[in-house]
Amino acid sequence: MKKTLSILTVAFMTFLAAAQSKKTDPEVKFIKGNIQDKIASVKDADREQASKMSVKAVSFVLENMHIIPDDRDLSGLAIAAVMTYPESEFVSNPEDSINKLGAIYYGFKDSNVRISVLDKFELFAKKSNAKEIVAFINTYLEAAKDDKTQATEVERKAIQVVSSIGDNDSFRILYSSLKNKTWPKLEKPLVESLSNLAEKSLRELIITIDKSDFAEMQLIFEIFVNNDKISSSIRAEIAENLLKKTMIIIRDSASVTKEISQFLLANCKILADNNWTRSSALMISYFDVAKSQFDAGFISEAEFANVIKYIEILSSKDSVKIFVDYLGDLNMEMNKGNLPALTVVSAVIQALGDLGDKSSFDCLLYTTYLNYPESIVTQARNALSSLKW
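What you see is a predicted model, and the numbers here were worked out from it, not measured in a lab.

Analysis parameters
- Residues numbered from 1 in each chain as written.
- Predicted model: local features only at pLDDT ≥ 70, side-chain atom pairs only at ≥ 80, totals over all residues.
- Heavy atoms only, no water.
- Helix = DSSP H or I, 4+ residues; strand = E, 2+ residues; numbered from the N terminus.
- Rg over C-alpha atoms; globule rule 2.2 N^0.38 Å.
- Buried < 20%, exposed > 50% of the residue type's maximum accessible area, 1.4 Å probe, protein only.
- Areas by Shrake-Rupley, 256 points an atom, 1.4 Å probe, with all protein chains shown as cover.
- Core = buried A, V, L, I, M, F, W, Y, C linked by side-chain atoms within 4.5 Å.
- Contact = heavy atoms within 4.5 Å.
- Salt bridge = Lys/Arg side-chain N within 4 Å of Asp/Glu carboxyl O.
- Axes fitted to C-alpha atoms, helices over the stretch in contact; angles between N-to-C directions.
- Parallel < 35°, antiparallel > 145°, perpendicular 65-115°, else oblique.
- Left-handed = near helix turned anticlockwise from the far one by under 90°.
- Expected span 1.5 Å × (residues − 1).
- Phe/Tyr/Trp six-rings, centres within 6.5 Å; stacked < 30°, edge-to-face > 60°.
- Lys NZ or Arg CZ within 6 Å of the ring centre and 35° of its normal.
- pLDDT = per-residue confidence, 0-100.

Counting secondary structure elements, the chain contains 22 helices and zero strands. In summary, the chain has a C-alpha radius of gyration of 35 Å against a globular reference of 21 Å for 389 residues, an excess of more than 25%. Across its three principal directions, the C-alpha atoms of the chain cover 135 × 45 × 30 Å. A burial count over the chain gives 47% of its 389 residues as buried. Carbon together with sulfur atoms contributes 53% to the accessible area of the chain, which is approximately 20200 Å² in total.

Next up, the structure:
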């Protein structure tokens, strides 16, 4: 009798344990429970069960989101399902995963649901470099831009995500949004994202510069050149293209303004500051433009003297001839009794002395015989002594 009772007790305890196990099993809880229970089952699942529960929750959300659209509880389940969605599912079938999570993204107006999808997409894209994810976000942003959708945290998040995983299309969409002031409140994140994409999309940007008018080039300068977060080499290459395009505008319109003159000067400074010797020939071409701007009063003596220094730095030997010819012109004016701007004369002499080319001997020697102030004459003599023979 005692033996029978003992067996029955063990059996009963086993039954209770099994019942308790089923009661607390996340999958059972998910199947039998309400939406709050389903959320809890997804969140509480252990590592072995988590993937299975997440996939099951995604399926449930997809089946019911059109029946109870924008239900708060269902939104909560969607967020839990998306946040726990396993990378293994994405790796094994990226297209299916993007379709499912994308359907949830568009199936809910809840910003938190959409942001959770974007977070998950960013994580997957960084690990797998999935072009399909970038294309999904680009499509959304372009449609939002074209529809002039009022900026929300969803657009802010999408802009931030493509900042790190975006491509040329992302760059084009963001730049167009900024240029056209689609989302004025998102100007800062737009600029930050464009800065991050600048190197990757440099070719796209150069094409944009080639099609730009002066007003747009000023915008490009402020976003990409006047921006310490962008590498010096990228800033210099952009400045080079801005300088080139602006000189074409001047040539075609045959008009120069103080604003354009200052813009050219700002780009030249960037090239010199970054020792962008690749722009040597362009800087030589710019000298005549700068000279005419100086003569017209659009740039000051000090600024033109800086231009001479910039050209010396970047063009080196190629600049000797233009400086020799220019000092000859200045000396001719001095010989006529017209005192040139001494800051400019000094800058030219200094450049020729630094370059040390013997072809500048005659003009420097002639300078010493003219009625310049003693400081200029002394500088010319010092330059003569520094020539290399």
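Next up on the list: the nonpolar core. One finds Ile133, Ile137, Phe224, Ile238, Tyr286, Phe304 and Phe323 to be the most contacted residues of the largest nonpolar core, which totals 127 residues. Excluding anything up to four places from it in sequence, Ile137 contacts Leu118, Ala158, Val161, Val162 and Ile165.

The next thing to look at is the pattern of salt bridges. Under the definition given, this model contains 21 salt bridges. Arg381 is the salt-bridge partner of Glu374, the closest N and O atoms lying 3.6 Å from each other.

A few words on the side chain of Ser176. Of note, Ser176 is situated in helix 11 (residues 168-179). Residue class for Ser176 comes out buried when judged on its relative accessible area of 19%. Apart from residues no more than four positions distant in its own chain, Ser176 is found in contact with Lys145 and Thr182.

Okay, unusual backbone geometry next. The phi dihedral of Asp70 falls on the positive side, at around 55°, and the residue is not glycine. Summarising the element assignment, Asp70 is placed in the loop between helix 4 (47-64) and helix 5 (72-83). Of the residues examined, Asp70 reaches a relative accessible area of 35% and is grouped as partly exposed. A positive phi is found at Ser316, a non-glycine position, where the angle reads about 50°. Overall, the relative accessible area of 34% leaves Ser316 in the partly exposed class.

Below, the discussion takes up the packing of helix 20 (residues 342-355) against helix 22 (residues 374-385). It is at 9 Å that the axes of helix 20 and helix 22 come closest, and there the two elements cross at 10°. When the axis of helix 20 is compared with that of helix 22, the two are roughly parallel. For the element pair helix 20 and helix 22, the recorded crossing hand is left-handed. Of the residues in helix 22, those touching helix 20 at Leu342, Val345, Ser346, Ile349, Gln350 and Gly353 are Ile376, Gln379, Ala380 and Ala383.

Right, let's talk about the packing of helix 17 (residues 280-295) against helix 19 (residues 320-335) for a bit. Remark: helix 17 packs on helix 19, axes separated minimally by 10 Å, with the N-to-C direction vectors making an angle of 25°. Comparing their axes, helix 19 and helix 17 come out roughly parallel. When you trace helix 17 past helix 19, the crossing you get is right-handed. Two secondary-structure elements touch here, helix 17 through Ile284, Phe287, Lys291 and Phe294 and helix 19 through Ile322, Phe323 and Tyr326.

So, about helix 16 (residues 258-273). An α-helical segment advances 3.6 residues per turn. Residues three or four places apart therefore align on the same side. Between its first and last C-alpha atoms helix 16 spans 22 Å; for 16 residues at 1.5 Å apiece the expected length is 22 Å, and the two agree. Elements in contact with the buried residues of helix 16: helix 14 (214-225), helix 15 (232-253), helix 17 and helix 18 (301-315). Positive phi appears at Asn275, one or two residues downstream of helix 16, with a value of about 50°.

Overall, the coordinates contain 18 aromatic pairs when judged by the stated rule. Between the aromatic rings of Phe287 and Phe304, the centroid separation amounts to 5.8 Å while the plane-to-plane angle is 25°, which identifies the pairing as stacked. Taken together, the residues Phe287 in helix 17 and Phe304 in helix 18 connect sequence positions 17 residues apart. The class for Phe287 is buried, based on a relative accessible area of 2%. Here the guanidinium or amino end of Lys38 rests over the ring plane of Phe60, the centre of that ring lying 5.0 Å away. Geometry around Tyr105 places Arg114 over its ring, the cationic atom sitting 5.0 Å from the centre.

This paragraph deals with the confidence of the model for the chain. Any region with low pLDDT has predicted coordinates that should not be read closely. Summarising the model, the chain shows a mean pLDDT of 91, and 93% of its residues fall at 70 or more. Counting interchain partners and residues more than four positions distant, the pLDDT-below-50 stretch residues 8-23 has one contact.

Another aspect to go through is the environment of Ala130. In this fold, Ala130 is placed in the loop between helix 8 (111-128) and helix 9 (131-146). In the structure, Ala130 is positioned 39 residues away from Val91 in sequence and 9.8 Å away in space, judged by C-alpha atoms. With residues up to four places along the chain from it excluded, the contact list for Ala130 reads Phe90 and Ala125.

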